[in-house]
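In case you want the letters, here they are:
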Amino acid sequence: MGLLRTFIAVDIPPGIQQAIQHNVDNLRKAIGDPVRWVPVHNIHLTLKFLGDVSPANVDLLTQMLRAEADSCPSFDISVGGLGSFPNSKRPRVLFIGTHAPAGLDALQHGIEAAAARLGYEPDLRPFSPHLTIGRVRDTASAADLQRIRKTLEEIKIDSLGTARVDSVHLYKSELKPTGSVYTKLFSAPLSIP
């Protein structure tokens, strides 16, 4: 078996996924093809992108994830707001925002530090929790980018609800011509507060 492309994430419940879908449908109508939209069932909150992992290391990662999850009590996050990275002037990634307690930062930092101890490259960018809903295509024209900027200024996405974070997951990502396919390899429950 070859290397597995992996990441660690928090799932978004179906009710919030449906609310996201409704809002993304409106954005899709306004923006169209210059954005590669993420299927709603693939939307998640990434805590750590690991990249290519040897199948032999999956056991180590599950042990690490279990230990980090055990040390973090479950918590709620609020989902809402629309944004783009790196900024609204040069949008490359479109996202729905999240508002979370310090528990999310603690969980992410713990996972980041534990993954670094296992030899995985640390992410030097500050953690900015978000739910990616689309990526601007490299082929987008200047007019496309202007339409995207204008749409992001005009469309507001208010609160879409609150999600309970009570577990973290190790996913495998397979890149297919039809888009990414995510398969859950392991789930670790957070501790009960």
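It should be emphasised that the depicted structure is a prediction, and the values quoted were computed from it without experimental measurement.

## Overview of helix α2 (residues 58-70)
Move 1: In this model, α2 (13 residues) spans 18 Å end to end at C-alpha, consistent with the 18 Å of a helix rising 1.5 Å per residue.
Move 2: Turning to α2, its buried residues are Val 58, Leu 61, Thr 62, Met 64, Leu 65, Glu 68 and Ala 69. The arc that holds the buried residues of α2, viewed along the axis, is 165 degrees, so those residues lie on one side. Those residues of α2 that are exposed and angled more than 90 degrees off the buried face are Asp 59, Gln 63 and Asp 70.

## Notes on the pairing of strand β4 (residues 75-86)
Move 1: Looking at chain direction, β4 and strand β7 (residues 159-165) are connected through 6 bridges and run antiparallel. Pairing of Phe 75 across the sheet is with Val 165, part of β7.
Move 2: As consecutive antiparallel partners, β4 and strand β5 (residues 91-99) are separated by 4 residues.

## Details of the environment of Ile 96
Move 1: Within the secondary structure, Ile 96 sits in strand β5.
Move 2: What Ile 96 contacts, discounting residues up to four positions off in sequence, is Val 79, Gly 80, Gly 81, His 130, Leu 131, Ile 133, Ile 157 and Leu 160.

## Describing the sheet that holds strand β3 (residues 44-53)
Move 1: In spatial order, the strands read β3-β1-β8-β9; together these 4 strands make up an open sheet with antiparallel pairing. Two strands close off the open sheet at either side, each with one partner strand: β3 and β9 (179-189). Each neighbouring strand pair of the sheet contributes to a mean axis angle of 25 degrees, computed without reference to strand direction.
Move 2: Across 8 bridges, the pairing between strand β1 (residues 4-11) and β3 is antiparallel. The partner of Thr 6 across the bridge, within β3, is Gly 51.
Move 3: In this fold α2 packs onto β1, β3, β8 (167-176) and β9, with an angle of close to 55 degrees to the strand it touches most, β9.

Conventions and cut-offs
Residues numbered from 1 in each chain as written. Predicted model: local features only at pLDDT ≥ 70, side-chain atom pairs only at ≥ 80, totals over all residues. Heavy atoms only, no water. Helix = DSSP H or I, 4+ residues; strand = E, 2+ residues; numbered from the N terminus. Expected span 1.5 Å × (residues − 1). Buried < 20%, exposed > 50% of the residue type's maximum accessible area, 1.4 Å probe, protein only. Arc of directions from axis to C-beta. Pairing = 2+ DSSP bridges. Contact = heavy atoms within 4.5 Å. Axes fitted to C-alpha atoms, helices over the stretch in contact; angles between N-to-C directions.

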